[in-house]
Amino acid sequence: MTKPYSVFAGKIVRYIARLRGGGSALPGLFVETIDRGFVKDTLAQLPHGVVLVSGTNGKTTTTKIVVELLQGQGLKVFTNRTGSNFSRGVAAALLGDVDRRGKLHADIAVLELDEAHAVHFVGQIPPAYSLLLNVMRDQLDRFGEIDTTAGMLGQIAQATTDTVVINREDPRLRKLAKHLDARVSYFGLDEKLHATFPNDDDMHGASTARTKLPPTDVMLNAIGEKATFVIDGKKVSTALKLQGIYNVYNAAAALALTRAVMGAKLDQKKLIRSLAEVTPAFGRGERLVVDGQPCELVLVKNPSGFRLSLRSFDPAGVATMIAINDNYADGRDMSWLWDVDFDSLRRTGVAAVSGVRAYDMALRLQYDNVAVGNVDIDLAGALQNFLSEYKQSPKRIYCTYTAMLALRRELGTITDVEDVS
Amino acid sequence: MSAKKPLVILQLYPRDMNIYGDHGNALVLAQRAKWHGYAPKLISYNPGDSFPRDVDIIVGGGGQDSGQDNIQNDLLRIGPTLKQLAEDNTPMLMICGLYQLFGHSFKTQDGQIIEGIGLLDITTVAGPERLIGNIVTQSDLFGEIIGYENHSGQTTLGSDIQPLGTVIRGAGNNGADGFEGALWHNVIGSYLHGSLLPKNPAITDWLIRQAAVNKFGKFTPGDIDDNFAALARRHALKRPR
């Protein structure tokens, strides 16, 4: 049983932390420490249980889509929408939403957790549904090897009680599906789109003879002005506000998960209507307006994500900036930049390069013969320069996680930036 | 002009052994060879392929355990060819997983012995923890070497081989003896990613020089702007482990 006093005290810490402009994890840590059962007890109250979203790329965007789709179906949804995808972030988010007695007024929780934290989490709280997006080389300096990461996702799948939704095109995830008690549902890609979404092995040239694949519940069939999905055998087309082809594939994942959760109660028309209205998550192709021109923030965390982003967005007519930090949350190893192909930026060049590892990035571009404008490790200065030099032009900034947080903070002083803390 | 001076750069097992941006090493070798006035040709060798006859530089990287399983038999098969090439002073760069398998053996956590090709006089055992982080070493040949290490294998040099560098900051071959990497004839083994070659152009140019001397009798360096590399090195040195 959660003790009301720890909820109350936690809320005060959260309030103070927010006044200080601090992060979301501190109040979470506080409550976790004084009341170990807080998260478990609170989530156990939910009638539809817990939905867990994990994988290397697309967690934040997909979680946001799932939340909005479920809300469109009439459910009251709790989520950890700060992108603080650690257990403490969940505790902190819960603190904001529970009443003083520790009661959470929601039907279902949709949580994004990174692989390592998810393993810890499911040990205490088995999810009813889980969605496994992909296993790519990300932050290997944190987890070791990609097969280890796949193993972590396997533990999440094992712990899931109702349905595991799996990316059919990821061979490591497909393997996990074999020994599960839970029901398995797949989302996937039409054959002709495979080249657009290489999995980790494809990207590294590994032998991937295409084997017989299981049928999908939701398949992304075509992308263009409208996105076309094949849902339960029927084609459905809709225009989307989501930017970038990779986000559209995340939408397929979110559709499959929502269908699993709603079961027979699903309202398919509302489902597609909600999907059409979803906007990108913060920093994931998010569009701000600066001096009357759009400025897009595109989060890049790993080679596959960076490659997919470069394919998703046309550089023509846009001033491009790249900001690379190497703090813990970004990953300290710069090797990943060398697994990204920057040829597509050769025609336009890159106007500005910044971040702690600006010179690593500039060096990378030099070897792909991409012209580089200003290089400045100071993010605030580089941003100001970039904004004034390209005042009349649409802009796009590719940035690592902590660089994105810093850039949003800077941009918040000159334009409307949604507060998501 | 440059068309007359081809240099063949062979990537060893890029399908299975190229984790952590090891492709960057091949890319940087090819680009700098071009900037030095040569005509580089980048080719791949994967398990089951026939080994090409004319090779001037060989690079190899690290892999998952599964990747190492895929290539091990094939590597043993071409081991004698590689040894001959090494004895003929062909420059090679082997990072992480292939560095280990170029040695005598690798003993896994559960005591299983994986046989290497014994080209380098080194042995490796799986350690209890991964050695991870930014690393700086000092080498007589190349000065300060800057990179990022990420390995659980602990490697010990035999009596017949010298280290690539001594550790200034980081763990190195095994976290105990202060050595990093290995150097024998023109073969460099190392745990350093980063990727290694972009931020250490001295090593890149040395590999190209050896290849050029082998093939054309001399090496005339081109004029390359290494300003970004110098600044990337300077900032990398300031980063925490």
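No experiment lies behind these values; they were computed from the predicted model shown.

## Let's talk about the sheet that holds strand E11 (residues 182–184) of chain B
Residues and elements named next belong to chain B. Here we have six strands laid out as an open sheet, ordered E2-E1-E3-E4-E12-E11, and mixed in their pairing. In this open sheet, the two strands that pair with only one neighbour each are strand E2 (39–45) and E11. Here the strands of the sheet are splayed against their neighbours by 15 degrees on average, with no regard to which way each runs. Here four bridges tie strand E1 (residues 6–12) to strand E3 (residues 57–60), and the two strands are oriented parallel to one another. Note on E3: the bridge partner recorded for Gln 11 is Val 59.

## Some remarks on the confidence of the model for chain B
Per-residue pLDDT for chain B averages 94, and the proportion of residues at 70 or more is 98%. With a pTM of 0.77, the predicted complex shows an ipTM of 0.97.

## A word on helix H4 (residues 59–72) of chain A
Here H4 of chain A contains 14 residues, and its C-alpha end-to-end distance of 20 Å stays within 8% of the 20 Å for a straight helix at 1.5 Å per residue. Along H4 of chain A, 12 of the 14 residues are buried, which leaves the element largely enclosed by surrounding structure.

## Side note on the environment of Asn 73 of chain B
All names here are of chain B. Here Asn 73 is to be found in helix H2 (residues 65–87). On the basis of neighbour counts, which here come to 11 C-beta atoms within 10 Å, the residue Asn 73 falls in the exposed class. Linking Asn 73 and Gly 222, residues 149 residues apart in sequence, is a C-alpha distance of 40 Å.

## Quick look at the interface of chain B and chain A
Accessible area lost during the coming together of the parts is what is often quoted as the interface size. If you look at the interface, chain B gives 31 residues, while chain A gives 28 residues. Those elements that provide at least two residues to the side of chain B that touches chain A are helix H1 (23–35), H2, strand E7 (122–139), strand E8 (143–157) and helix H6 (227–237) of chain B. Here the side of chain B that touches chain A is composed, by residue class, of 12 nonpolar, 14 polar and five charged.

## Re unusual backbone geometry
Residue Ser 195 of chain B is reached from Gly 194 of chain B by a cis peptide bond, and omega for that bond is -15 degrees. The residue Ser 195 of chain B is located in the loop between strand E12 (187–190) and helix H4 (196–199) in this model. Non-glycine residue Asn 369 of chain A carries a positive phi angle of around 55 degrees. The backbone of Asn 89 of chain B sits at a positive phi, close to 70 degrees, despite the residue not being glycine.

## So, the sheet that holds strand E13 (residues 350–354) of chain A
Strands belonging to one sheet form pairs held by backbone hydrogen bonds; the direction of such a pair is parallel or antiparallel. Residues and elements named next belong to chain A. The six strands lie next to each other as E10-E11-E15-E12-E13-E14, forming an open sheet whose pairing is mixed. The sheet terminates laterally at strand E10 (284–290) and strand E14 (372–376), the two strands that pair on one side only. Direction aside, neighbouring strands of the sheet carry axes that sit 20 degrees apart on average. Pairing between E13 and E14: four bridges, direction parallel. Paired with Val 353 across the bridge in E14 is Val 375. Across the sheet, helix H16 (residues 401–412) lies against E10, strand E11 (293–299), strand E12 (319–323) and strand E15 (395–399), angled at about 155 degrees from E11, the strand it touches most.

## With respect to the domain arrangement of chain A
Residue and element names in this part refer to chain A. Structurally, chain A comprises domain 1 (4–277) and domain 2 (284–412). With 17 residues of domain 1 at the contact, the number on the domain 2 side is 15 residues. Of all elements in the fold, only H4, helix H10 (200–203) and helix H11 (245–262) reach the threshold of two or more residues within the side of domain 1 that touches domain 2. Element by element, the count of residues in the side of domain 1 that touches domain 2 is highest for H11, at three residues. Its residues assigned to classes, the side of domain 1 that touches domain 2 comprises four nonpolar, nine polar and four charged.

## Thoughts on the nonpolar core
Residues Ala 323, Ala 362, Ile 397, Cys 399 and Leu 407 of chain A together with Leu 29 and Leu 98 of chain B are the most contacted members of the largest nonpolar core, which totals 105 residues. Not counting chain neighbours up to four residues away, the residues in contact with Ile 397 of chain A comprise Cys 295, Glu 296, Leu 297, Val 298, Met 321, Ala 323 and Leu 407 of chain A. In terms of nonpolar packing, the next biggest core, distinct from the first, is built from 74 residues, Leu 94, Phe 187, Ala 252 and Ala 260 of chain A among them.

## A few points about the environment of Cys 96 of chain B
All names here are of chain B. Along the chain, Cys 96 turns up in the loop between strand E4 (92–95) and helix H3 (97–101). Each C-alpha atom of the pair Cys 96 and Asn 150 lies 8.3 Å from the other, and the pair is 54 residues apart in sequence. Leaving out residues up to four positions away in the same chain, Cys 96 has contacts with Gly 61, Gly 62, His 151, Tyr 191 and His 193.

## Focus: the packing of H4 of chain A against helix H12 (residues 268–277) of chain A
Residues and elements named next belong to chain A. Taken N-terminus to C-terminus, the directions of H4 and H12 make an angle of 135 degrees; their axes are 9 Å apart at the nearest point. In terms of their interaxial angle, H4 and H12 are classed as oblique. The two elements H4 and H12 meet at a crossing, and its hand is right-handed. Residues Glu 68, Leu 69 and Gly 72 of H4 form the contact with H12, whose own contacting residues are Lys 270, Leu 271, Arg 273, Ser 274 and Leu 275. Of the residues in the contact of H4 with H12, the class split is three nonpolar, two polar and three charged.

## Looking at the pairing of E13 of chain A
Residue and element names in this part refer to chain A. Among the five residues of E13, five are classified as buried, and the element is accordingly described as predominantly covered. Pairing of E12 with E13 involves three bridges; the strand directions are parallel. Across the sheet, residue Ile 322 finds its bridge partner in E13, namely Val 353.

## Re the environment of Phe 51 of chain B
Residue and element names in this part refer to chain B. Assignment of secondary structure puts Phe 51 in the loop between E2 and E3. Taking the C-alpha atoms as reference points, Phe 51 and Asp 69, 18 residues apart in sequence, are found 19 Å from one another. Those residues within four positions of Phe 51 in sequence are excluded, and the remaining contacts are Tyr 45, Ile 78 and Thr 81.

What counts and how
Residues numbered from 1 in each chain as written. Chains lettered and ligands numbered in written order. Predicted model: local features only at pLDDT ≥ 70, side-chain atom pairs only at ≥ 80, totals over all residues. Pairing = 2+ DSSP bridges. Helix = DSSP H or I, 4+ residues; strand = E, 2+ residues; numbered from the N terminus. Axes fitted to C-alpha atoms, helices over the stretch in contact; angles between N-to-C directions. pLDDT = per-residue confidence, 0-100. Expected span 1.5 Å × (residues − 1). Buried ≥ 20, exposed ≤ 12 C-beta atoms within 10 Å, placed from the backbone. Contact = placed C-beta atoms within 7 Å. Nonpolar A, V, L, I, M, F, W, Y, C, P; charged D, E, K, R; others polar. Domains from an automatic or database assignment. Core = buried A, V, L, I, M, F, W, Y, C linked by C-beta atoms within 7 Å. Parallel < 35°, antiparallel > 145°, perpendicular 65-115°, else oblique. Left-handed = near helix turned anticlockwise from the far one by under 90°.

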